[in-house]
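So you can see what is in the structure, the chains are spelled out below.
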Amino acid sequence: MTTQPQQPAVRDEDDFIQVDGGRLYVKEWRPDTPDGTALPPILLFHDSLGCVDLWRSFPARLAAATARRVIAYDRLGFGRSDPHPARLALDFVAAEARTVVPDLLDRLAVGDFVACGHSVGGGMAVETAAFFQSRCNALVTIAAQAFVEDRTLDGIRVAEQGFRDSAQLARLAKYQGDKARWAVDAWTGAWLSPEFAGWTLDATLAEIRCPVLALHGDRDEYGSQEHPARIAAGRGTVHMLPGIGHVPHRECEDTVVEAIRAFLARG
């Protein structure tokens, strides 16, 4: 019988970092191994209604499996970070990589890194990998969108209707506090705007120079298989997850962690 190597203990710490516009809540998970600070860390980008707490056990599991420092943060307007001062601009996906991530990496003393994002956070990870070509060693997307698709908009309209129920909004407020309504309106308002209809990652993807892994569930209600196909085309691998919807890192955490571990281990 094959004995699996014991995974290292993981310790976590959190802090607030001042950036232009307010304070960001940041949490890190560090494996208790020599490589835990030597290997490039993994920077996580959350989804449209996400935050650090909604990653749940995934960052700690990822840190232990990869022996890498894992960093997650609440974007401005989400979770424990300060409120966003305005509506989301229509270039908010690219703007995160250009205006927030540089300060974040600088304050955390991060050199080379791995970008990993879920849903719209996957788009931000793509933008970050393109913007930091010489420092982003690898890119992982989880249920990311690469363009505006009817399925995406239909899913958002269903969710928008659901958040008219005060009980559903209250559940979100457990994580977003009094910013819950802003988060919903920011998400639906941006994606359903006619001016956003032409958004695509195609030009940015052409600038990617690192290996790519695109994970996607075949039952994702917010995007078809065309999204990971575009993200990985000519630059990486698509890993389809059978029977999985829009949140693979919660629906099949073991599979997602192992897929990322194996991908990064290949160098």
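See the structure above.
Everything numeric in this text was worked out from a predicted model, so none of it was measured. (Residues numbered from 1 in each chain as written. Predicted model: local features only at pLDDT ≥ 70, side-chain atom pairs only at ≥ 80, totals over all residues. Heavy atoms only, no water.)

Trainee: Lay out the packing of aromatic side chains with the relevant residues and their values.
Mentor: Under the definition given, this model contains 11 aromatic pairs. Ring centres 5.4 Å apart and planes at 70° place the aromatic pair Trp-191 and Trp-199 in the edge-to-face group. Accessibility expressed as a relative area gives 2% for Trp-191, which makes it buried. For Trp-199, a relative accessible area of 14% translates into the label buried. Of the aromatic side chains, those joined through ring pairs into one cluster are Phe-92, Trp-191, Phe-196 and Trp-199. (Phe/Tyr/Trp six-rings, centres within 6.5 Å; stacked < 30°, edge-to-face > 60°. Buried < 20%, exposed > 50% of the residue type's maximum accessible area, 1.4 Å probe, protein only.)

Trainee: Which residues make up the state of the cysteines, and what values go with them?
Mentor: Going through the model one piece at a time under the given rule, you end up with zero disulfides. The closest cysteine sulfur to the non-disulfide-bonded Cys-136 is located on Cys-210, 4.2 Å from its own sulfur. We classify Cys-136 as buried; its relative accessible area is 4%. (Disulfide = S-S within 2.5 Å.)

Trainee: Quick one: what's the story with the sheet that holds strand E7 (residues 212–217), residue by residue and with numbers?
Mentor: Across the sheet, eight strands lie side by side as E1-E2-E4-E3-E5-E6-E7-E8; this open sheet has mixed pairing. Each edge of the open sheet is held by one strand with a lone partner, namely strand E1 (10–19) and strand E8 (236–241). Ignoring strand direction, the axes of neighbouring strands in this sheet form an average angle of 20°. Here strand E3 (residues 42–45) runs beside strand E4 (residues 70–73); their pairing, made up of three bridges, is parallel. In the sheet register, Leu-43 faces E4, and the bridge partner there is Ile-71. Against the sheet, helix H1 (residues 58–66) contacts E1, strand E2 (22–31), E3, E4 and strand E6 (136–142), and its axis sits at roughly 160° relative to E3. (Pairing = 2+ DSSP bridges. Helix = DSSP H or I, 4+ residues; strand = E, 2+ residues; numbered from the N terminus. Axes fitted to C-alpha atoms, helices over the stretch in contact; angles between N-to-C directions. Contact = heavy atoms within 4.5 Å.)

Trainee: Explain the side chain of Glu-96 to me, and be specific about the residues and the numbers.
Mentor: You can see Glu-96 is positioned in helix H2 (residues 92–107). It turns out Glu-96 is buried and unbridged, and the closest side chain with the opposite charge, Arg-75, is 4.5 Å from it. The residues contacting Glu-96, other than those within four sequence positions of it, are Tyr-73, Arg-75, Val-101 and Met-124. (Lys, Arg positive; Asp, Glu negative; His and termini not counted. Salt bridge = Lys/Arg side-chain N within 4 Å of Asp/Glu carboxyl O.)

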